[in-house]
Amino acid sequence: MLLGSLLAVGVLGWFSDKINPYHADVLTKVGINIILAVSLNLVNGYTGQFSLGHAGFMAVGAYTSAAITLFLGPKILPHHDMADSYWAAYAVFGGALVAGGLVAALAGWGVGAPSLRLKGDYLAIVTLGFGEIIRVIFCNIHFLGGALGLNGIPACTNLFWVFATAVLCTYVVVAMVHSTYGRGFLAVHDDEVAAEAMGLNTTRYKIVAFVVGAFFAGLAGGLYGHYTLSIDPKGFGFMHSIDIVVMVILGGMGNTPGVILAAVVLTLLPEWLRPVAQYRMVIYSFLLIVLMLTRPQGLFTWRRKWKQV
Amino acid sequence: MFHSDNPGLTAGLTEFLQQLINGLSLGSVYALLALGYTMVYGILRFINFAHSDVFMVGAFAGYYAVKPFTISLAKLGLSLPVNLHLGAHSISSGLLALLISMAFCALLGIIIERLAYRPLRDRSKLTVLITAIGVSLLLESGGQLIFGADPEPFPELFPVREFSGGGLSVSSNQLLVIGMAAILLIGLQLIVLKTKIGTAMRAVSFNHQAASLVGINNDRIISFTFGLGSALAAAGGILYSMNYPSIEPYMGILPGLKAFVAAVLGGIGNIPGAALGGVLLGLIETFVNGSRYSTWTDAIAFAVLILILLFKPAGLLGKVQLEKV
């Protein structure tokens, strides 16, 4: 399954030059959103916590990896232009992505360790607060461009990188949840008190979910930065986190295929709604309310896997 | 040379007093907004994310109460000019605008609760929370559609005078904001403590089932709570806009989040706590803003939130509640 997907991604990468630029643009966004939604699903869906700060971790990853390719890249490859030496440049890019992911994971640990003792609404508002704090911190780091952000990031992201990361992310999340260890996530989701009574270290499970989620959000941030070529703190605000949360909810919490489908649909939806762009957000929020009133288990969940918490 | 005063000290004191007044004025707006969060949380145990947008609608309702506008349904060929003829610049018209906006938002709050939250009463908290986010987005995007995305200058509702002396400069608006907020807070406290419906509110927040057993109509009390909270948010919106004179559909987000922090700081579900938390947060923010760390102002509220949740999760005036399984 994993190999098959990777093969498909390889073929996609091969043909990426031949796809028309508009389609490639939309596909890249789809891929990045899949990574974000699937990784958030580990936290919000499988483990049943409610994080509203995913965009903050994305920002950490984006800034870290962009800083590496911008400032360190030329030092590591002094004699080559980034675009000339294909493999070396991609090695630096890959390293930068992973570093971005790791720093984001570290940030996830820093945020998760104190706040995951809280529940429900409180956790939501604390993660939201952390997301905002991360934004303000980046506004105040002058060497990273302050409020103006970073510009002139090398264009390294292509469809291959995006979808390879998406496949990896999906594989890791699915494999983790279906492993013996991973049953703990579902136990925390289903009934935290019972899970604790069974001897599970629930706080630790929550932190693991949070850190892994943050790692992939960091990767997605890195890919995003090297795709848009300029990043600024405003782009990673509260609204972006909400967008990702909506994908998870629409897909059905803890339903990975559903969440992937939702990420695809919700990325394409604005493109389809372009003719009525004025009403786009109104339609979007209205649909969200109607969905919650009629199908709180998600649009793409037909089987009730778990009881309502 | 004889200087009886130490000039540095006097300047420092003036600066301090100035910041104190600015902080109190901002803090009383946070307090008004925090009350809505805390009352709804006290009764329904969820964060009403849409509250910050009711605050925004309140500001716009005040704006349209004094500005003539046209309701036009171009497709139906219908155009209805509306002018409430309140004008501006007199105390009574300003108060009337405030009351109109409060009444409008009370109605809006009740409608939101009836349509979006009541059908979800027995569902998981997460579902309600997400619905609240949806309502919030709907109000913001709807506001953008109706009011336009550009910031509008807020009209002077009340005649403005600047008082200055001894290096201090205070606008009458600031004093008005503090005074009005104090009146509303005392009024709310009287409603909650002295009236029959206030007693019922406290009963419902204590225990839904027991309240309905003694014959309290829970739905009516919840509607009333939403109405009351939304009216206070509307007043907060107008008072806020008087000192920060431009309004736009997304203006509520940040004050709303901070007011929620204020509610948690004071102890969520606790009415005097929300007022205290609001004033404290307003003061902290103003003093940080006046210092050389002013670019960090927006982060301070959230830092306060995280500290309070880690060290005193019940808030300053809240009681520790044990979770029963």
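All values reported here derive from a predicted model rather than from experimental measurement.

Turning our attention to the overall build of chain B. Along the backbone of chain B there are 11 helices and 6 strands. Residue burial in chain B is summarised as follows: out of 325 residues, 48% are buried. Across chain B, every contact between residues at least 6 apart in sequence was considered, and the portion connecting residues at least 24 apart equals 77%.

A tally of helices and strands in chain A yields 12 helices and 0 strands. Going from the N terminus to the C terminus, chain A shows its helices and strands as α-α-α-α-α-α-α-α-α-α-α-α. Relative to its length of 309 residues, chain A is compact, with a C-alpha radius of gyration of 19 Å against a globular reference of 19 Å. For chain A, the spread of C-alpha atoms along the principal axes amounts to about 60 × 40 × 40 Å. When each of the 309 residues of chain A is scored for burial, the buried share is 50%. Across chain A, every contact between residues at least 6 apart in sequence was considered, and the portion connecting residues at least 24 apart equals 83%.

All names here are of chain B. Pairing of strand β4 (residues 162-165) with strand β5 (residues 168-171) involves 4 bridges; the strand directions are antiparallel. Residue pairing in the sheet places Ser 164 in a bridge with Ser 169 of β5. Counted along the chain from β4 to the antiparallel partner β5, the turn is 2 residues long, and its residue Gly 166 has a positive phi close to 60°.

Among the nonpolar cores identified, the biggest contains 197 residues, and A:Ala37, B:Ala31, B:Cys105 and B:Val261 are the most heavily contacted of them. Considering every element that reaches this core, the biggest residue donor is helix α1 (residues 7-44) of chain B, with 15 residues. The residues touching B:Val261, leaving out its near neighbours within four places in the chain, are B:Leu281, B:Ala301, B:Phe302, B:Val304 and B:Leu305.

What follows covers unusual backbone geometry. One non-glycine residue, A:Leu229, adopts positive backbone phi at about 70°. Here A:Leu229 lies in the loop between α9 (202-228) and α10 (238-251).

Turning to the interface of chain A and chain B, a few remarks are in order. The interface is formed by 31 residues belonging to chain A together with 34 residues belonging to chain B. Mapped onto the side of chain A that touches chain B, the elements with two or more residues apiece are α5 (120-140), α10 and α12 (280-294) of chain A. Top element by residues in the side of chain A that touches chain B is α5(A). It accounts for 12 residues. Counted by class, the side of chain A that touches chain B contains 23 nonpolar, 6 polar and 2 charged residues.

This brings us to the confidence of the model for chain B. Residue and element names in this part refer to chain B. In this model, chain B carries a mean pLDDT of 85, and residues with pLDDT of at least 70 account for 89%. Of all secondary-structure elements in chain B, the lowest mean pLDDT belongs to strand β1 (residues 69-73), at 56, while helix α8 (residues 218-243) reaches the highest, 93. Overall fold confidence for the complex sits at a pTM of 0.83, while the interface term, ipTM, reaches 0.78.

Okay, helix α5 (residues 172-194) of chain B next. For α5(B), built from 23 residues, the straight-helix expectation of 33 Å at 1.5 Å per residue is met to within 8% by its first-to-last C-alpha distance of 32 Å. Three or more residues of α5(B) are buried, namely B:Asn173, B:Gln174, B:Val177, B:Met180, B:Ala181, B:Leu184, B:Leu185, B:Leu188 and B:Val192.

All names here are of chain B. In the contact formed by helix α9 (residues 253-266) and helix α10 (residues 271-290), the axes pass within 7 Å of each other and the chain directions differ by 120°. In this view, α9 runs oblique relative to α10, as classed from their interaxial angle. As α9 runs across α10, the sense of the crossing is right-handed. When α9 is examined against α10, the residues Lys 258, Ala 259, Val 261, Ala 262, Ala 263, Leu 265 and Gly 266 are found in contact with a partner set consisting of Gly 273, Ala 274, Leu 276, Gly 277, Gly 278, Leu 280 and Leu 281.

All names here are of chain B. As a packed pair, α5 and helix α6 (residues 196-206) sit with axes 5 Å apart at the nearest point and diverge in direction by 75°. Classified by the angle their axes make, α5 and α6 are roughly perpendicular. For the pair α5 and α6, contact is made by Ile 191, Val 192, Leu 193 and Lys 194 and by Gly 198, Met 201 and Arg 202, respectively. Looking at side-chain class alone, the contact of α5 with α6 contains 4 nonpolar, 1 polar and 2 charged residues.

Residues and elements named next belong to chain A. Every buried residue belonging to helix α7 (residues 183-190) is among Gly 184, Phe 185, Val 188 and His 189, and all of these are buried. All buried residues of α7 project into a common sector of 145° when viewed along the axis, lining one side. The secondary structure elements touched by the buried residues of α7 are α2 (21-46), α6 (159-178), α8 (192-197) and α9.

Considering every residue of chain A, the mean pLDDT works out to 83; 91% of them sit at 70 or more. Helix α1 (residues 2-15) of chain A is the least confidently modelled element of chain A, averaging 70 in pLDDT, while α9(A) averages 92, the highest of any element.

Attention now moves to the environment of B:Pro151. Residues and elements named next belong to chain B. Of note, Pro 151 is situated in the loop between α4 (125-147) and β3 (152-153). Looking at Pro 151, the number of C-beta atoms within 10 Å reads 13, which means it is partly exposed. In this structure the C-alpha to C-alpha distance between Pro 151 and Pro 245, which are 94 residues apart in sequence, comes to 9.5 Å. Look past the residues within four positions of Pro 151 in its chain and what remains in contact with it is Ser 246, Ile 247 and Glu 248.

Residue and element names in this part refer to chain A. With respect to the helices, strands and loops of the structure, Arg 280 is situated in helix α12. The sequence separation of Arg 280 and Ile 32 amounts to 248 residues, and the corresponding C-alpha distance is 21 Å. In this view, Arg 280 contacts Pro 270 and Leu 273; residues no more than four positions away in its chain are not counted.

Attention now goes to the environment of A:Gly298. All names here are of chain A. Structurally, the position occupied by Gly 298 is in the segment after α12. By C-beta crowding, Gly 298 is classed as buried, having 21 other C-beta atoms within 10 Å. Linking Gly 298 and Trp 272, residues 26 residues apart in sequence, is a C-alpha distance of 21 Å. Gly 298 has contacts with Ile 249, Leu 250, Gly 251, Gly 252, Met 253, Asn 255 and Gly 258, leaving out every residue within four places of it along the chain.

Reading the values: rules and limits
Residues numbered from 1 in each chain as written. Chains lettered and ligands numbered in written order. Predicted model: local features only at pLDDT ≥ 70, side-chain atom pairs only at ≥ 80, totals over all residues. Helix = DSSP H or I, 4+ residues; strand = E, 2+ residues; numbered from the N terminus. Buried ≥ 20, exposed ≤ 12 C-beta atoms within 10 Å, placed from the backbone. Contact = placed C-beta atoms within 7 Å. Rg over C-alpha atoms; globule rule 2.2 N^0.38 Å. Pairing = 2+ DSSP bridges. Core = buried A, V, L, I, M, F, W, Y, C linked by C-beta atoms within 7 Å. Nonpolar A, V, L, I, M, F, W, Y, C, P; charged D, E, K, R; others polar. pLDDT = per-residue confidence, 0-100. Expected span 1.5 Å × (residues − 1). Axes fitted to C-alpha atoms, helices over the stretch in contact; angles between N-to-C directions. Parallel < 35°, antiparallel > 145°, perpendicular 65-115°, else oblique. Left-handed = near helix turned anticlockwise from the far one by under 90°. Arc of directions from axis to C-beta.

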